Amino acid sequence: MVLRCHTADRVRTLTLARPEALNAFNEELYDALARALLDATEDPGVAVVLLTGQGRAFSAGTDLLEMHQRNSDPTFVPGEFGFPGLLEVLIGFEKPLVVAVNGLGLGIGATILGYADLAFMASAARLKCPFTSLGVAPEAASSYLLPRLVGRQQAAWMLMSSEWIDAERALAMGLVLEVCAPDDLLEVAMTHARTLAAMPISSLVAVKQTMLAAIRPAIEAAREREHAAFAELLGAPANAEALTAFAERRPPDFTSLPSGS
């Protein structure tokens, strides 16, 4: 089981459960989370979804070993939803989404905060958007959502530098609502989730719809631009070097690549 599900007080808690892989998203986990969000949408007994991770990581992002296999193995079979399908579900998710970042969050483990209605972060947690260090482009409409959340320069640093963002900086940037002691994180997030869940679902959905309706086309457009850029860079010299270096457990060396790579 790669995703744990528990419902109480009209709050459905979804816990990413690949702790041995730092909750990295393989095709199975992308599919499981997409299905769970769709199920929560249809369930009249669920008002709010709370997403967190098991173990010391929230999510290490896309499983790079599986990505390497996907790029090199022509027989690789993708999942039903995969990354694109999960994004479709997140963009259209109607109910409040509360995210509790319990540990390391990389890639989609950081950019998913763009879809959170409320986000909380453990004081020891850190976030990273490692796209440039992987030789690829941004994902999950983060090129649009992050500047809206934190401003252009903070977003540019996050997306271009591949540097870690600690919890206090994430709070100061406006990326999360509150930083909590690790032992208090789920309680604080759940208290907020229960407060929302006590309200009429129809009103919660109406609030979210009216807040997001005007920007959904821009989110979709950003996703399409990112997808085109990502497709162009995936498998190119910089990305190939990054994935090979990861598989060989060494730092990537981009200095010897052809000009423009």
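Provided above is the structure to which this section pertains.
Rules behind the numbers
Residues numbered from 1 in each chain as written. Predicted model: local features only at pLDDT ≥ 70, side-chain atom pairs only at ≥ 80, totals over all residues. Heavy atoms only, no water. Helix = DSSP H or I, 4+ residues; strand = E, 2+ residues; numbered from the N terminus. Rg over C-alpha atoms; globule rule 2.2 N^0.38 Å. Buried < 20%, exposed > 50% of the residue type's maximum accessible area, 1.4 Å probe, protein only. Contact = heavy atoms within 4.5 Å. Pairing = 2+ DSSP bridges. Right-handed = clockwise from strand over helix to strand, strands pointing away.

## Overview of the overall build of the chain
Then, in step 1: In terms of regular secondary structure, the chain is built from 11 helices and 10 strands.
Then, in step 2: Expected size for 261 residues packed as a compact globule is a radius of gyration near 18 Å; at 18 Å, the chain falls within 12% of this value.
Then, in step 3: Each of the three principal axes of the chain carries a C-alpha extent, and together these read 55 × 40 × 35 Å.
Then, in step 4: Counting all 261 residues of the chain, 49% fall into the buried class.

## A few points about helix 6 (residues 152-161)
Then, in step 1: Regarding helix 6, the residues found buried are Ala155, Met158, Leu159 and Ser161.
Then, in step 2: Where helix 6 is buried, its residues contact helix 5 (142-150), strand 9 (165-166) and helix 7 (167-173).
Then, in step 3: Of the residues one or two after helix 6, Ser162 is the one with positive phi, at around 60°.

## Notes on the side chain of Glu139
Then, in step 1: Assignment of secondary structure puts Glu139 in the loop between strand 8 (126-128) and helix 5.
Then, in step 2: Other than its neighbours up to four places away in sequence, Glu139 contacts Phe83, Gly107, Ile108, Thr111, Phe131 and Glu226.

## Re the side chain of Arg216
Then, in step 1: Checked against the element boundaries, Arg216 lands in helix 10 (residues 216-233).
Then, in step 2: Residues within four places of Arg216 in sequence aside, it is in contact with Ile91, Gly92, Phe93 and Gln209.

## A few points about the pairing of strand 2 (residues 11-16)
Then, in step 1: Of all 6 residues in strand 2, 6 are buried, a share of seventy percent or more.
Then, in step 2: Looking at chain direction, strand 1 (residues 3-8) and strand 2 are connected through 6 bridges and run antiparallel. Bridging from a neighbouring strand, Arg4 pairs with Thr15 of strand 2.
Then, in step 3: Connecting strand 1 to the antiparallel partner strand 2 that follows it, the hairpin turn spans 2 residues, and Asp9 within it adopts a positive phi of roughly 55°.
Then, in step 4: With 6 bridges connecting them, strand 2 and strand 3 (residues 48-53) associate as parallel partners. For Val11, the partnering residue across the bridge sits in strand 3 and is Val48.
Then, in step 5: Read as a crossover between parallel neighbours, the route from strand 2 over helix 1 (residues 27-42) to strand 3 is right-handed.

## Re the sheet that holds strand 9
Then, in step 1: In space, the 4 strands of this open sheet follow the order 4-6-8-9, with mixed pairing throughout. Taken across any chain shown, the strands that pair with only one partner, and hence form the sheet edges, are strand 4 (57-59) and strand 9.

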